[in-house]
Amino acid sequence: MTDPRVGLTVTHRRYVSYSHAHYAGSLVDGAYALGLFGDVATEVCIRTDGDEGLFAGYADVRFVAPVRAGDVVEVTGRVSRVGTRSRTLELSCVVVCRGRPDRGESAAQVCDPPIVAVTATGTVVVPPVA
């Protein structure tokens, strides 16, 4: 019998403000996506266990494409395994809209298809049931 929490998916969307630009070309550092993964993981833990939980670690983090200031990113976490106190999450950060400063100061476009920027597997832990 499969645990009903397996497959639970949480998605957040966020506009990446220019204050997060860290490198030339308005690039945002990779830690930005990892922080968003933590936010999604917190909601997953609340939904599955009624607790914010704690991030224990990442495996197989891949920075596939850049995230830039002016992007709109969609961050998703899906529960792939449920242990006694741990939950394994498949995480992704995709760019769904991107600023186009080459077309004008406020120009932007929808990315169709979305651009996969960062993927990872994460492990969270939750306290034992009281």
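Residues numbered from 1 in each chain as written. Predicted model: local features only at pLDDT ≥ 70, side-chain atom pairs only at ≥ 80, totals over all residues. Heavy atoms only, no water.

Summed over all chains, the structure comprises 2 aromatic pairs. Consider the rings of F37 and Y58, whose centres lie 6.5 Å apart with planes at 50°: the pair is tilted. Of this pair, F37 sits in helix α1 (residues 31-49) while Y58 sits in strand β4 (residues 54-63), placing them 21 residues apart in sequence. Members of the aromatic cluster, connected to one another through ring pairs, are F37, F55 and Y58. (Phe/Tyr/Trp six-rings, centres within 6.5 Å; stacked < 30°, edge-to-face > 60°. Helix = DSSP H or I, 4+ residues; strand = E, 2+ residues; numbered from the N terminus.)

Attention now goes to the nonpolar core. Formed by 26 residues in total, the largest nonpolar core has its most connected members in F37, V73, V75, L89 and C93. Residue assignment for this core shows that the elements contributing at least two residues are α1, β5 (72-82), β6 (86-99) and β7 (108-125). Sort the elements by how many residues they give to this core and α1 lands first, with 8 residues. With residues up to four places along the chain from it excluded, the contact list for V73 reads H12, R13, R14, V16, L36, V67, C93, V94 and V95. (Core = buried A, V, L, I, M, F, W, Y, C linked by side-chain atoms within 4.5 Å. Buried < 20%, exposed > 50% of the residue type's maximum accessible area, 1.4 Å probe, protein only. Contact = heavy atoms within 4.5 Å.)

Overall, the coordinates contain 0 disulfides when judged by the stated rule. Of the cysteine sulfurs around C45, a residue in no disulfide, the closest is that of C93, at 19 Å. Taking relative accessible area as the criterion, C45 reaches 0% and is therefore assigned buried. Between C93, a cysteine without a disulfide, and C111, which holds the nearest cysteine sulfur, the sulfur-to-sulfur distance is 12 Å. On the basis of relative accessible area, C93 is assigned to the buried category, the value being 1%. (Disulfide = S-S within 2.5 Å.)

With that settled, consider α1. Taking 1.5 Å as the rise per residue, α1 with 19 residues should run 27 Å; its terminal C-alpha atoms sit 26 Å apart, in good agreement. Buried within α1 are the following residues: Y32, A33, L36, F37, G38, V40, A41, V44, C45 and T48. Buried residues in α1 make contact with β1 (9-15), β3 (27-28), β4, β5, β6 and β7. At the C-terminal side of α1, G50 shows a positive phi close to 65°. (Expected span 1.5 Å × (residues − 1).)

Honestly, that's just the spatial picture; any functional story needs more than this.
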